[in-house]
Amino acid sequence: MKWLITFLLFAVSSAPVLAFEYSGNIAAELQVFPQPALFEDQLDDSLSLSFKPKFSQVWNKGNDELSIELFFRADDKDDERQHADIREFKWLRVAGSQEWRIGIDTAFWGVTESQHLVDVINQIDSVEGVDGEDKLGQPMIHFTTIQDWGVFHAFVLTGFREETFHAKEGRLRFPLVVDNDQATYESSDEDSHIDYAIRYEHFLGDTEFGLSWFNGTNRDAGLSRGQNGSGQPVLIPYYSQMTQFGLDMQSIIGDWIWKLEWITRDSNEDTFNAVTAGFEYTFYGIMNSAIDLGTLLEYSWEDRDENVGVFDNDLFAGFRFAFNDVQSTEILAGFIVDTDQQSKSMRVEASRRLGDSWKMTGELQVFSAIAENDPLITFENDDYLLLELARYF
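Nothing here was measured: the structure is a model prediction, and the numbers come from that model.

### Observations concerning empty space enclosed by the protein
Step number 1: The full count for this structure, using the stated rule, is one cavity of 30 Å³ or more.
Step number 2: As a volume, the largest cavity reaches approximately 150 Å³.
Step number 3: Along the walls of the largest cavity sit 19 residues, with Gln31, Arg81, Val127, His166 and Leu172 positioned nearest its centre.
Step number 4: Elements supplying a minimum of two residues to the lining of the largest cavity: strand E1 (21-32) and strand E21 (384-392).
Step number 5: Taken together, the residues of the lining of the largest cavity sort by class into seven nonpolar, six polar and six charged.

### So, the sheet that holds strand E12 (residues 233-239)
Step number 1: Within the open sheet, the three strands sit side by side as E8-E12-E11. Their pairing is mixed. With partners counted over all chains shown, the strands left at the sheet margins are strand E8 (184-185) and strand E11 (222-227), one partner each.
Step number 2: As judged from the two bridges shared by E8 and E12, these two strands associate in the parallel manner. Bridge pairing in E12 places Thr184 opposite Tyr238.

### Notes on the pattern of salt bridges
Step number 1: Throughout the structure, instances matching the rule amount to 30 salt bridges.
Step number 2: Here Arg171 and Asp44 are joined by a salt bridge, their closest N and O atoms 3.3 Å apart. Taken together, the residues span a long stretch of sequence, with Arg171 in the loop between strand E7 (150-157) and E8 and Asp44 in the loop between E1 and strand E2 (45-59) at a distance of 127 residues.
Step number 3: You can call Arg171 buried: its relative accessible area is 2%.
Step number 4: What makes Asp44 partly exposed here is its relative accessible area of 42%.
Step number 5: Here Asp248 ties to Arg199 by a salt bridge, and the two come within 2.8 Å at their closest N and O atoms. On the criterion of sequence distance, the pair formed by Asp248 in strand E13 (residues 241-253) and Arg199 in strand E9 (residues 195-204) is long-range, its members being 49 residues apart.

### Points about a nonpolar patch on the surface
Step number 1: On the surface, Leu30, Val32, Leu47, Leu354, Trp358, Met360, Leu364, Leu385, Leu387 and Leu389 cluster together into a nonpolar patch covering about 780 Å² of accessible area.
Step number 2: The set of elements that each furnish at least two residues to the nonpolar patch consists of E1, strand E20 (358-368) and E21.
Step number 3: Within the element layout of this structure, Leu387 appears in strand E21.
Step number 4: Note on Leu387: relative accessible area 41%, which makes it partly exposed.

### Here we look at the environment of Val127
Step number 1: Note on placement: Val127 falls in the loop between strand E5 (98-105) and strand E6 (138-147).
Step number 2: Spatially, the C-alpha atom of Val127 lies 9.3 Å from that of Ala167, the residues being 40 residues apart in sequence.
Step number 3: Other than its neighbours up to four places away in sequence, Val127 contacts Glu80, Arg81, His83, Thr164, Phe165 and His166.

### Quick word on unusual backbone geometry
Step number 1: Positioned with a positive phi, Asn324 is a non-glycine residue whose angle comes to about 50 degrees.
Step number 2: Tracing the sequence through the fold places Asn324 in the loop between strand E17 (313-322) and strand E18 (330-338).
Step number 3: Although it is not a glycine, Ala369 sits at a positive phi angle of roughly 50 degrees.
Step number 4: For Ala369, the location among the structural elements is in the loop between E20 and E21.

### Observations regarding the packing of aromatic side chains
Step number 1: Scanning the entire structure with this criterion turns up 20 aromatic pairs.
Step number 2: Here the aromatic rings of Trp256 and Trp258 are separated by 5.4 Å at their centres, their planes lie at 10 degrees, and the arrangement is stacked.
Step number 3: Judged by its relative accessible area of 40%, Trp258 falls in the partly exposed class.
Step number 4: Relative to Phe379, the ring of Phe367 has its centre 5.9 Å away and its plane inclined at 50 degrees; by these criteria the two rings are tilted. With Phe367 in strand E20 and Phe379 in the loop between E20 and E21, the pair connects residues that are 12 residues apart, well separated along the chain.
Step number 5: Note on Phe367: relative accessible area 10%, which makes it buried.
Step number 6: Phe379 gets classed as buried once you look at its relative accessible area, which sits at 14%.
Step number 7: Site record: aromatic cluster; members linked through ring pairs are Trp256, Trp258, Phe279, Tyr281 and Phe283.
Step number 8: Sitting over the face of the ring of Phe71, Arg87 holds its NZ or CZ atom 4.5 Å from the ring centroid.
Step number 9: Looking at Arg304, its charged tip hangs above the ring of Phe272, at a distance of 4.1 Å from the centre.

Reading guide: rules and limits
- Residues numbered from 1 in each chain as written.
- Predicted model: local features only at pLDDT ≥ 70, side-chain atom pairs only at ≥ 80, totals over all residues.
- Heavy atoms only, no water.
- 1 Å grid on protein atoms, 1.4 Å probe; cavity = no way out; pocket = protein on both sides within 12 Å on 5 of 7 lines; lining within 4 Å.
- Points joined across faces, edges and corners; volume = space filled by probe spheres on them.
- Helix = DSSP H or I, 4+ residues; strand = E, 2+ residues; numbered from the N terminus.
- Nonpolar A, V, L, I, M, F, W, Y, C, P; charged D, E, K, R; others polar.
- Pairing = 2+ DSSP bridges.
- Salt bridge = Lys/Arg side-chain N within 4 Å of Asp/Glu carboxyl O.
- Buried < 20%, exposed > 50% of the residue type's maximum accessible area, 1.4 Å probe, protein only.
- Patch = residues over 30% accessible without salt bridge, like charges linked within 9 Å, V, L, I, M, F, W, Y side chains within 5 Å.
- Areas by Shrake-Rupley, 256 points an atom, 1.4 Å probe, with all protein chains shown as cover.
- Contact = heavy atoms within 4.5 Å.
- Phe/Tyr/Trp six-rings, centres within 6.5 Å; stacked < 30°, edge-to-face > 60°.
- Lys NZ or Arg CZ within 6 Å of the ring centre and 35° of its normal.

This is a description of form; function is not addressed.
Here is the structure:
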């Protein structure tokens, strides 16, 4: 990590003196939990402020770029949600068909909506949401070559980011608080272990596909019961080493989009396969309006024990409204049912621009009839409504 910061400071100092372009947003967020908490001291609502500034500078006829994206959140109740992160601090160098990205960055792999099986580069920022869309910045060296035979990526990941967990006051947490200060690792290098990944992307006719391989520290923490310094029971995270092979495919045929993600993951703890597959069909200009309606259906399966995997035999159905108006109004709603245990959850996301600089976002998350041995049982009273008002600049 230190050598990356040193390198980037050198890149900044050696770049020509130009004015940075900047953008970003500042947002106020209100989250309300209507049901009583399951565990002592948990909050019923929270108010927080977030700030996400972005800076970029381009030189050398566009072949070099320095980009920085920071994130800050202050929460009035949950101490673990009060955090700051460098989402991006990288130097991009373009040399013909080759690209180098060196620094802190985020990368996304995958095509399905209900979960992202193959996406393994960045650690998820779990305190920011349950959908896995928010990520912590990952120190890396990322090489890309673009050829007629496809696009090849190689990653050297030069440090590990531990998973984020809510504090005692937070909702959407386990019965016991996770003590990150006692985190243990299979590797003696702990969070300094160097991970490696490669990815190949290409297309065949209407089908785009990606093949990926990852070897390094498992982003998903195993949790075991222990005690903190005061003798109170806590959960202690353990990060094993693992190897993952992945395949993702997407075929666009007329108004249909067919999607597939598959992985096989091997570690000393377990070896398992998992797959998510489905489609999205879009009705354009419904009822002679400008509104497009996308319908989604996906099935997820894995061969781990059902008490470990959340998406072990689950069906997802949803819809996406794109109003195609000046305010960019969108609604995405989805419903997941565990076909074995009949546990259910529903999520609705909506957003709309207000004028040129403001945006209103809403989320509704509902957990219903969660089975006693379902990993989601700890969230059964954590239905919530979230409203966010953001000012973009």
